[in-house]
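# Structure at a glance
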Amino acid sequence: MKHSSARLAGLGVTIFAEMAERATRTAAVNLGQGFPDEDGPEVVLEAARRAITAGHNQYPPGRGIPALREAIARHQRRFHGIELDPDREVMVSTGATEAIASAILGLVDPGDDVLVLEPYYDSYRAVIQMAGGRHRRVTLRAPDFRLPVDELRAAITERTTTIMLNTPHNPTGTVLTRDELQAIADVAIEHDLVVISDEVYEHLTFGVPHVPIATLPGMAERTVTISSAGKTFSLTGWKVGWATGPADLLDSVFGAKQFLSYTSGAPFQHAVAEALDLPDDFYRELTTGLWRRRDLLCDGLARVGLEVFVPEGTYFAATDITGWGHTDGLEFCRALPEAAGVVAIPHQVFHDDRPDGSNPGRTLVRWAFCKRPEVLEEALLRLERARPPR
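Keep in mind that what you see is a predicted model, and the values were worked out from it rather than measured.

Taken together, Leu105, Met130 and Leu260 make up a surface patch of nonpolar side chains, about 230 Å² in accessible area. Summarising the element assignment, Leu260 is placed in the loop between helix H9 (247–257) and helix H10 (266–275). A relative accessible area of 41% means that Leu260 is categorised as partly exposed.

Here it is, written out as structure tokens:
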């Protein structure tokens, strides 16, 4: 048999699929996967119903319906001062994950090196591997998870073509500062690199600003920015994302995207076009509500004896589990659903194992706080009951 799967060997089943199955089997409170347990704004749901009734149910254009591309351009101007041509510099995708895949497959050639901030969302490494590239890590380390600029510079090789950026950062909750982003921009400009910037949590920051790297001098022409409606509007199942950037880079991204889903979500695209124009009060209330839930979860995790690294953004908080007598996050998370009735995600799956067998995330665990307060309280109550004796 001539078939070979060597390039994709080792990808296996994602940790999210594994832990979702454990949550279902044990009736555990699922603080693992990052999806809200409440629907998004009723006005947006009603817009989707209207679109279905109006007959917007067939294939939309591959780059997205004009109304949504125009709304994305307005959003980027309104919040970030970025001017875009909606016909040439905006592309709609089946969620941010497809936009990421399309960008990597469209811009990374076999043999290219791609810098990623470790810990990293698991799809980055998988798609870089599919493209025939090689990821090179720059590690954000506990307790502060800040960018090590010297390591960033040292990670550049003669084969480096791309930086895969993520801010606000999953799973650490770090929001990169303007100075950190400037350091990345300096490297990108010096070495003529493309930046793919995953900014899906752009509206989910707590007291610190999100700065798109495309707004820094010299970066607009070399940056593909990715975001989505799922996180902002609590509509993760709709899978409506987008990529924006210079037309020449977007053409390459679309060249890959057209052979993935090509298009999807016709009525949802119409609804998201309306959602992006919601008033500022919506965005403020979104942040305020999630901020309260972050504090509820982080305070509770500290009370049950875990060291908590309070996030600046995203849906997620990290803890160190050594206070519970554990040294392996994967083992801890696999046992937790039956031991406590709660699901979390181990950080070590977002890190590379080192040649000596070590892993910087081995004792860290990620918890999602994008749940109703009563769900978070129930999870904390279960953890308190399962807490090892002091």
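Another point: the sheet that holds strand S2 (residues 90–93). With respect to topology, 7 strands assemble into an open sheet ordered S2-S8-S7-S6-S5-S3-S4, the strand pairing being mixed. Both outer strands of the open sheet, S2 and strand S4 (134–139), are each paired with one neighbouring strand and no more. Going across the sheet, the axis of each strand differs from the next one's by a mean of 20°, ignoring polarity. With 4 bridges joining them, strand S6 (residues 194–198) and strand S7 (residues 223–228) adopt parallel strand pairing. Each residue of the ladder has a partner; that of Asp198, found in S7, is Ile226.

Moving on: the pairing of strand S8 (residues 241–244). Of the two faces of S8, the one holding Gly241 and Ala243 and the one holding Trp242 and Thr244 are both buried throughout. Bridging between S2 and S8 involves 4 bridges; their strand directions are antiparallel. From the neighbouring strand, Val92 faces S8, where its bridge partner is Trp242. Taken together, the 4 bridges between S7 and S8 define a ladder with antiparallel strand orientation. Paired with Ile226 across the strands is Ala243, a residue of S8.

Attention now moves to the pairing of strand S3 (residues 113–118). In the case of a regular strand, side chains alternate between the two sheet surfaces. In terms of burial, S3 is a largely internal element, 6 of the 6 residues being buried. Here S3 shows two buried faces, one formed by Asp113, Leu115 and Leu117 and the other by Val114, Val116 and Glu118. Looking at chain direction, S3 and S4 are connected through 6 bridges and run parallel. Looking across to S4, one finds that Leu115 is bridged to Arg136. Summarising the sheet, S3 and strand S5 (residues 160–166) pair through 4 bridges and their orientation is parallel. Each bridged residue has a counterpart across the sheet, and for Asp113 the counterpart in S5 is Thr160.

The volume enclosed by the largest pocket comes to roughly 1200 Å³. If you trace the largest pocket, you find 45 residues lining it, with Thr14, Phe16, Tyr121, Asp122 and Ser123 closest to the centre. Those elements that provide at least two residues to the lining of the largest pocket are helix H1 (15–26), helix H4 (95–107), helix H5 (122–130), helix H8 (229–232) and helix H12 (329–340). Per-element accounting of the lining of the largest pocket gives the leading share, 6 residues, to H5. Looking at side-chain class alone, the lining of the largest pocket contains 18 nonpolar, 17 polar and 10 charged residues. Estimated volume of the second largest pocket: approximately 410 Å³. Lining the second largest pocket are 21 residues; nearest its centre among them are Glu38, Ser234, Leu286, Leu290 and Arg293. Of all the secondary structure elements, the ones that give two or more residues to the lining of the second largest pocket are H8 and helix H11 (280–303). If one sorts the elements of the lining of the second largest pocket by residue count, H11 sits on top with 8 residues.

Time to look at the nonpolar core. Of all hydrophobic cores here, the largest spans 69 residues; its most connected members are Ile104, Ile226, Trp367 and Leu383. Looking at this core element by element, the count peaks at 7 residues for H4. Each residue touching Ile226, except ones within four places of it in the same chain, is listed here: Ala96, Ala99, Ile100, Ala103, Ile196, Ser197, Asp198, Glu199, Val200, Trp242 and Ala243.

Below, the discussion takes up the environment of Ser228. In this fold, Ser228 is placed in strand S7. Spatially, the C-alpha atoms of Ser228 and Ile196 are 14 Å apart, while their sequence positions differ by 32 residues. Ignoring anything within four residues of it in the chain, the contact list for Ser228 reads Ala96, Val200, Val240, Gly241 and Trp242. One polar contact links the side chain of Ser228 to the main-chain amide nitrogen of Gly230, over a distance of 3.3 Å.

The rules behind each value
- Residues numbered from 1 in each chain as written.
- Predicted model: local features only at pLDDT ≥ 70, side-chain atom pairs only at ≥ 80, totals over all residues.
- Heavy atoms only, no water.
- Patch = residues over 30% accessible without salt bridge, like charges linked within 9 Å, V, L, I, M, F, W, Y side chains within 5 Å.
- Areas by Shrake-Rupley, 256 points an atom, 1.4 Å probe, with all protein chains shown as cover.
- Salt bridge = Lys/Arg side-chain N within 4 Å of Asp/Glu carboxyl O.
- Helix = DSSP H or I, 4+ residues; strand = E, 2+ residues; numbered from the N terminus.
- Buried < 20%, exposed > 50% of the residue type's maximum accessible area, 1.4 Å probe, protein only.
- Pairing = 2+ DSSP bridges.
- Axes fitted to C-alpha atoms, helices over the stretch in contact; angles between N-to-C directions.
- 1 Å grid on protein atoms, 1.4 Å probe; cavity = no way out; pocket = protein on both sides within 12 Å on 5 of 7 lines; lining within 4 Å.
- Points joined across faces, edges and corners; volume = space filled by probe spheres on them.
- Nonpolar A, V, L, I, M, F, W, Y, C, P; charged D, E, K, R; others polar.
- Core = buried A, V, L, I, M, F, W, Y, C linked by side-chain atoms within 4.5 Å.
- Contact = heavy atoms within 4.5 Å.
- Polar contact = N/O pair within 3.5 Å; in protein donor to acceptor, adjacent residues only side chain to side chain.

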